[in-house]
Amino acid sequence: MSQIVVQKFGGTSVQDAPAMRRVMEIVKQHGIKRGIRPLVVLSACSGVTNSLIRIGELAMLKKFDEAHKTITELDQRHYNIVHDLKLSLRVEQEAALELRFIWRELRTLVRGIELLGELTPKMKDKLLSAGERASTTIFAHALREHLSKKSIAVHYCDARDFFITDSAFTLARPQIGEITKRMKAHAKKMIGGAVCITQGFIGATKRGETTTIGRGGSDFSAAIMGIAIAAKEIQIWTDVAGIYTCDPRLVSEAYAQPVVSFVDASTMAFFGAKVLHPETIGPAVEAGIPVRVLSSKQPTLKGTTILTSSEGTSGITGIAIKRNIALLKICSTELVPVATSLAMIFDALSEHKIIPLATSLSFDNAIFALDSAEELSKLQSALRDYTNLTSKQGRALITLVGHGLEYSAGVAARLFSAVKKNNCEMVSFGGSGNAISLVIPDDEIESAVRRIHKEFFTS
Ligand code: ADP
Ligand code: ASP
Ligand code: MG
């Protein structure tokens with residue numbers, strides 16, 4: 001009788017044949033143990049979801065030849081992975097045949113867009129699901145062959161048969177009760193000694209229509225699946241060895257924190273640390289399931305363990321960054337302002353489901369930091385008739401995160417002194433006791449973040 005661990009691998013971890021081979025080793029070394037079997041959850045190969053989005057855009061622009069050319073490129077890239085994995089001829093042919101169905105379906109979808117002249121969210125989800133279906137198809141064949149000598153069964157499980165969501169296409173919400181019910185059969189197989197492979201990010205409505213749960217959502221899928229099968233642990237395998245003090249692509253001195261509280265990990269994710277989808281940790285921790293973030297490139301490193309409390313974690317966890325955000329400044333048109341304007345502003349935020357990244361209110365003005373130009377334009381149209389609006393784009397949000405912030409005298413002074421040369425356009429502190437956010441022009445971000453990192457982590 002086996003216990004189950006969830007092992008989720010992101011796009012770079014399955015980007016080509018050598019990466020897939022590393023994942024097979026990780027599944028063998030860190031997933032399959034005596035009394036333990038893994039549920040392997042995969043993303044699409046890196047860059048594929050972006051290409052699929054592009055295919056939809058090209059079709060909408062009536063650039064059908066280019067759309068079909070992009071499908072051919074995807075076909076070729078996946079076929080190369082199959083070929084480079086050096087599988088037996090029979091297995092290679094089976095995998096290639098199954099992939100061909102996926103590309104054929106994509107071409108039909110492009111023809112559908114051509115005929116209808118529209119790309120509905122429902123069609124978009126079907127289009128986007130191809131990436132995860134292709135990566136898991138290849139991986140399941142390769143792992144089955146790899147484990148055949150050990151006589152371990154490998155099952156390919158289409159997430160659309162059990163990962164049931166509502167019908168909010170492109171941003172669907174998983175329905176945990178139904179998922180738990182439907183995963184019982186898979187859990188039984190794993191408890192009996194098999195390995196299961198499935199897709200992150202995609203699911204289906206109860207009526208069987210394909211859905212997706214939002215960009216970067218595979219981490220969230222892994223957490224929900226882990227809860228549904230009462231997993232012993234959720235392992236998030238990515239291209240860095242854990243949650244770092246800052247995005248290592250921006251600051252080369254950044255290092256992995258060995259332990260991070262779930263509150264700080266969620267806060268880092270909300271404020272832009274892409275390493276984890278913001279919704280991943282809360283539900284897992286609530287269900288008492290440990291989450292670890294590990295590197296598929298350096299699997300022997302310890303990575304980061306997410307803890308339920310901040311005990312034993314460092315006071316200041318890291319710096320999260322969001323680039324290309326927008327600022328919307330709202331001035332009341334009334335002489336003695338705000339109360340009515342505020343009611344209107346918050347109604348508009350709620351109607352458009354916008355959660356500002358940071359907010360600052362004064363007696364006559366309100367300023368909001370918004371995630372995207374799309375959110376900005378929605379709010380601008382909702383409020384145009386009642387208030388004076390000014391906006392700025394090309395801004396960046398830097399957030400210092402740590403449970404120590406609330407109680408440590410001098411932290412704010414050190415932060416401001418590190419950005420004394422920058423034009424700081426907004427500050428937000430106090431809403432979350434573990435985060436201080438600043439907004440600066442996007443083109444100043446690299447130098448500012450390096451100085452903040454030096455101040456708090458390397459000096
Ligand atoms: P995956 O495809 O495995 O889901 P992502 O690209 O979504 O991986 O997330 C991993 C990336 O997150 C890293 O390559 C890194 O550049 C970025 N990142 C941003 N902030 C952090 C941070 N604080 N710690 C670690 N990685 C971070
Ligand atoms: N493939 C999806 C994306 O690129 C989901 C994920 O990778 O988590 O957004
Ligand atoms: Mg990710």
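Residues numbered from 1 in each chain as written. Chains lettered and ligands numbered in written order. Predicted model: local features only at pLDDT ≥ 70, side-chain atom pairs only at ≥ 80, totals over all residues.

**Examining the site of ligand 1**
Turning to step 1, where the next piece is worked out: What surrounds ligand 1 is a group of 20 residues, the closest being Gly10, Thr238, Tyr244, Asp247 and Val275.
Turning to step 2, where the next piece is worked out: A per-class count over the shell around ligand 1 returns eight nonpolar, eight polar and four charged. (Near = placed C-beta within 6 Å. Nonpolar A, V, L, I, M, F, W, Y, C, P; charged D, E, K, R; others polar.)

**As for the nonpolar core**
Turning to step 1, where the next piece is worked out: Membership of the largest hydrophobic core comes to 136 residues, with the highest contact counts inside it found for Ile197, Ala369 and Ile398.
Turning to step 2, where the next piece is worked out: Ranked by residues supplied to this core, first place goes to helix H5 (residues 121-147) with nine residues.
Turning to step 3, where the next piece is worked out: Each of domain 1 (3-239) and domain 2 (318-458) accounts for three or more of the residues forming this core.
Turning to step 4, where the next piece is worked out: When neighbours within four sequence positions are excluded, Ala369 is seen to be in contact with Ile325, Leu327, Pro356, Leu357, Ala358, Leu397, Met426 and Val439. (Core = buried A, V, L, I, M, F, W, Y, C linked by C-beta atoms within 7 Å. Buried ≥ 20, exposed ≤ 12 C-beta atoms within 10 Å, placed from the backbone. Helix = DSSP H or I, 4+ residues; strand = E, 2+ residues; numbered from the N terminus. Domains from an automatic or database assignment. Contact = placed C-beta atoms within 7 Å.)

**Let's talk about helix H8 (residues 262-270)**
Turning to step 1, where the next piece is worked out: Most of H8 is tucked away: seven of the nine residues are buried.
Turning to step 2, where the next piece is worked out: Within H8, burial applies to Val263, Asp264, Ala265, Ser266, Thr267, Met268 and Ala269.
Turning to step 3, where the next piece is worked out: Tucked into the core, H8 has its buried residues touching strand S8 (259-261), helix H9 (281-286), strand S10 (304-307), strand S11 (318-332), strand S14 (387-401) and strand S16 (435-441).
Turning to step 4, where the next piece is worked out: In the segment just after H8, Gly272 is the residue with positive phi, at about 120°.

**Topic: helix H12 (residues 411-418)**
Turning to step 1, where the next piece is worked out: Here H12 has its buried residues at Val411, Leu415 and Ala418. Projected down its long axis, H12 shows its buried positions confined to an angular sector of 65°, all on one face. Of the exposed residues in H12, the ones pointing more than 90 degrees away from its buried face are Ala413 and Ser417.
Turning to step 2, where the next piece is worked out: Those residues of H12 hidden inside the fold are in contact with S14, S16 and helix H13 (445-458). (Arc of directions from axis to C-beta.)

**Thoughts on the sheet that holds strand S2 (residues 36-42)**
Turning to step 1, where the next piece is worked out: With mixed pairing, the eight strands of this open sheet are ordered in space as S3-S4-S2-S1-S7-S9-S10-S8. Looking at which strands have only one partner, the edges of the open sheet turn out to be strand S3 (154-156) and S8. The average angle at which neighbouring strand axes cross in this sheet is 20°, direction not considered.
Turning to step 2, where the next piece is worked out: Bridge count for S8 against S10 is three bridges, and the pairing is parallel. Residue pairing in the sheet places Ser261 in a bridge with Leu307 of S10.
Turning to step 3, where the next piece is worked out: H5 rests against S2, S3 and strand S4 (195-199) of the sheet, and its axis sits at about 165° to S4. (Pairing = 2+ DSSP bridges. Axes fitted to C-alpha atoms, helices over the stretch in contact; angles between N-to-C directions.)

**Things to note about the pairing of strand S15 (residues 426-429)**
Turning to step 1, where the next piece is worked out: The alternating pattern of S15 places Met426 and Ser428 on a buried face and Val427 and Phe429 on a face that is not buried.
Turning to step 2, where the next piece is worked out: For S15 and S16, the ladder comprises four bridges, and the chain directions are antiparallel. By the bridge assignment, Val427 is partnered in S16 with Leu438.
Turning to step 3, where the next piece is worked out: Between the end of S15 and the start of S16, which pair antiparallel, lie five residues, with Gly430 showing a positive phi angle near 115°.

**A look at the domain arrangement of the protein chain**
Turning to step 1, where the next piece is worked out: When the domains of the protein chain are assigned, the result is domain 1 (3-239) and domain 2 (318-458).
Turning to step 2, where the next piece is worked out: Of note, the centres of domain 1 and domain 2, computed from C-alpha atoms alone, are 36 Å apart.

**Regarding the site of ligand 2**
Turning to step 1, where the next piece is worked out: Neighbouring residues of ligand 2: Gly10, Gly11, Ser43, Ala44, Thr49, Gly131, Gly200, Phe201, Arg215, Gly216, Gly217 and Ser218.
Turning to step 2, where the next piece is worked out: Of the residues that constitute the shell around ligand 2, the class distribution is two nonpolar, nine polar and one charged.

**Examining unusual backbone geometry**
Turning to step 1, where the next piece is worked out: Backbone geometry at Ser151 places phi at a positive 55°, although glycine is not the residue there.
Turning to step 2, where the next piece is worked out: Structurally, Ser151 is set in the loop between H5 and S3.

**Brief notes about the packing of helix H3 (residues 64-84) against helix H4 (residues 89-116)**
Turning to step 1, where the next piece is worked out: The contact between H3 and H4 brings their axes to 10 Å, and the two run at 165°. The angle between H3 and H4 places the two elements in the roughly antiparallel class. H4 is crossed by H3, and the crossing has right-handed handedness. Contacts between H3 and H4 pair Phe64, Ala67, His68, Ile71, Leu74, Asp75, His78, Tyr79, Val82 and His83 from the former with Glu92, Ala95, Ala96, Leu99, Trp103, Leu106, Arg107, Val110 and Glu114 from the latter.
Turning to step 2, where the next piece is worked out: Tallied by class, residues from the contact of H3 with H4 come to 12 nonpolar, three polar and four charged. (Parallel < 35°, antiparallel > 145°, perpendicular 65-115°, else oblique. Left-handed = near helix turned anticlockwise from the far one by under 90°.)

**Let's talk about the environment of Ile152**
Turning to step 1, where the next piece is worked out: For Ile152, the location among the structural elements is in the loop between H5 and S3.
Turning to step 2, where the next piece is worked out: Residue class for Ile152 comes out partly exposed when judged on the 17 C-beta atoms lying within 10 Å of it.
Turning to step 3, where the next piece is worked out: With 138 residues separating them in the primary sequence, Ile152 and Pro290 have C-alpha atoms 26 Å apart.
Turning to step 4, where the next piece is worked out: Ignoring anything within four residues of it in the chain, the contact list for Ile152 reads Ile32, Leu147, Gly193, Ala194 and Val195.

**Focus: the sheet that holds S15**
Turning to step 1, where the next piece is worked out: Taken in spatial order, the six strands make up an open sheet running S12-S13-S11-S14-S16-S15, and their pairing is antiparallel. Each of the sheet's edge strands pairs with one partner strand only, and the pair in question is strand S12 (358-361) and S15. Each strand axis lies, on average, 25° off the axis of its neighbour in the sheet, ignoring direction.
Turning to step 2, where the next piece is worked out: Each of S11, strand S13 (365-370) and S14 is contacted by helix H11 (residues 373-383), which is oriented at about 145° to S14, the strand it contacts most.
Turning to step 3, where the next piece is worked out: On top of the sheet, H13 reaches S11, S14 and S16; it is set at about 120° to S11, its chief contact.

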